[in-house]
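Structural features, examined
Next come the chains, spelled out residue by residue.
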Amino acid sequence: ITSMQTGYFEVPYMTTSYFASGGVKSRPKNVFVKLSNSFGFNVMKQFAHQIGMGVEYRYEENKAKGYYNDDDTKPLNPNENGRPRPYYDIPPLTQISAYLEDRMTWKTFGKKTNLNVGFRYSSFQPFKDENVWAISPRINASIE
């Protein structure tokens, strides 16, 4: 299962049981920072606005070996994890996002009405060639 090329290969004959050792080594690193603020105001004493805004930063990586066998001819989990990929081969993930939201409240025929309107901007792998970004609108309404 550890071959790095296609083809047929001679492999040693194994007995139906053997002693195997190995495991998973992991050193995950996660960083999350969020800066947010909110403030409110009223318009004509009947429309209440609650504005929320913020910026988030997220970073995740794992520079460890991952799944391994002490002896590749005696795999710990035979026929599982086909060709295990070490965690350090997977590039770190960086994400930056910002959001703005307005939560409005007013009375309609004596009933409390809520309307949330906003958007979120997200950028995955910013400042890199594989950068992907998205703008997600948000809207939610309710009458109590």
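Scroll up for the structure.
Everything in this summary refers to the structure shown in the same document. Computed from a predicted structure; not experimentally measured.

The rules behind these values
Residue positions are given per chain, counted from 1 along the sequence in the order it is written. The model is predicted, so local features are restricted to residues of pLDDT at least 70 and side-chain atom pairs to those at 80 or more, both for listing and for counting; the totals for chains, interfaces and linings are taken over all residues. To get the side-chain values, all heavy atoms of the structure are used, and hydrogens and water are removed first. The working definition used for a salt bridge is a side-chain nitrogen of Lys or Arg within 4 Å of a carboxyl oxygen of Asp or Glu. For helices the rule is a DSSP run of H or I covering at least 4 residues; for strands it is a run of E covering at least 2, with both sets numbered from the N terminus onward. For the exposure calls, accessible area comes from a 1.4 Å probe over protein chains only, and a residue counts as buried if that area is under 20% of its type's maximum, exposed if over 50%, partly exposed in between.

1. Quick word on unusual backbone geometry
The phi angle at Lys 45 is positive, at roughly 60°, despite the residue not being glycine. Of note in this structure, Phe 109 is not a glycine but carries a positive phi near 50°.

2. Some thoughts on the pattern of salt bridges
Enumeration according to the criterion identifies four salt bridges in this entry. Close ionic contact of Lys 34 with Glu 56 constitutes a salt bridge, the shortest N to O distance being 3.7 Å. Linking Lys 34 in strand S2 (residues 28–43) with Glu 56 in strand S3 (residues 47–62), this pair joins segments that are 22 residues apart in sequence. Among the residues examined, Lys 34 registers a relative accessible area of 45% and is labelled partly exposed. Each member of the salt-bridge network shares a partner with another, and the members are Lys 34, Glu 56 and Arg 120.

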